[in-house]
Amino acid sequence: MKDFRITTPKDKEAVKAYLDRLPDGKRYDVVVKLHREKRTLSQNNLFHLWCSCIADETGEDKARIKKLLKEMFLGYKEYGLFGHKTFSLPSTSALDTKQMSEFMNKVQVWASAEMGILLPVPEDEFFYQFEEQYKNRI
């Protein structure tokens with residue numbers, strides 16, 4: 001098995017050459033998918049700031065807030081292990097930047113609509129004060 005990352009025309013030619021060298025008479029599965037960058041550290045930091053804020057506003061433990069948000073908006077993933085089904089919450093580190101943005105948008109809407117808590121983003125005017133207030137609680 002060979003993995004390729006195509007970023008230049010030369011990379012594309014290398015993939016074509018590799019496929020041309022595969023022996024005939026065998027079956028192959030080829031998957032091509034658009035590369036997406038993993039969620040960024042700034043996204044992760046913002047999520048942790050938000051969890052600290054929600055914990056502070058509700059008096060709940062930050063770890064429980066984080067778990068609840070992942071349960072609500074990411075859900076449990078099913079895995080098979082030795083013939084048994086097991087379930088676990090995905091880590092946000094497994095999300096790409098788009099998935100993390102979608103997750104955080106859901107968190108932001110939920111916090112505002114259900115909890116009355118405004119969660120700012122870095123572009124917001126009062127974000128600096130928010131960050132200063134919660135950055136030591138990450």
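Now for a look at the structure at hand. (Residues numbered from 1 in each chain as written. Predicted model: local features only at pLDDT ≥ 70, side-chain atom pairs only at ≥ 80, totals over all residues. Heavy atoms only, no water.)

We now examine the side chain of Asn 44. Here Asn 44 shows up in helix 2 (residues 41-58). According to the relative accessible area criterion, Asn 44 is buried, its value standing at 14%. Setting aside anything within four residues of it in sequence, one finds Asn 44 in contact with Arg 39, Thr 92 and Met 100. (Helix = DSSP H or I, 4+ residues; strand = E, 2+ residues; numbered from the N terminus. Buried < 20%, exposed > 50% of the residue type's maximum accessible area, 1.4 Å probe, protein only. Contact = heavy atoms within 4.5 Å.)

A word on the environment of Ala 17. Secondary-structure assignment places Ala 17 in helix 1 (residues 9-20). With a relative accessible area of 31%, Ala 17 lands in the partly exposed category. Distance in space between the C-alpha atoms of Ala 17 and Phe 130 is 54 Å, their sequence separation being 113 residues.

Moving on, we come to the packing of helix 2 against helix 5 (residues 127-134). Think of two packed helices as two axes; the pair is described by the angle between the axes and how far apart they sit. Between helix 2 and helix 5, the shortest axis-to-axis distance is 10 Å and the interhelical angle comes to 70°. Taken together, the axis directions place helix 2 and helix 5 in an arrangement best described as roughly perpendicular. Contact residues: helix 2 offers Leu 46, Leu 49, Trp 50, Ser 52, Cys 53, Asp 56 and Glu 57, while helix 5 offers Phe 127, Phe 130, Glu 131, Gln 133 and Tyr 134. Class assignment of the residues belonging to the contact of helix 2 with helix 5 gives a composition of seven nonpolar, two polar and three charged. (Axes fitted to C-alpha atoms, helices over the stretch in contact; angles between N-to-C directions. Parallel < 35°, antiparallel > 145°, perpendicular 65-115°, else oblique. Nonpolar A, V, L, I, M, F, W, Y, C, P; charged D, E, K, R; others polar.)

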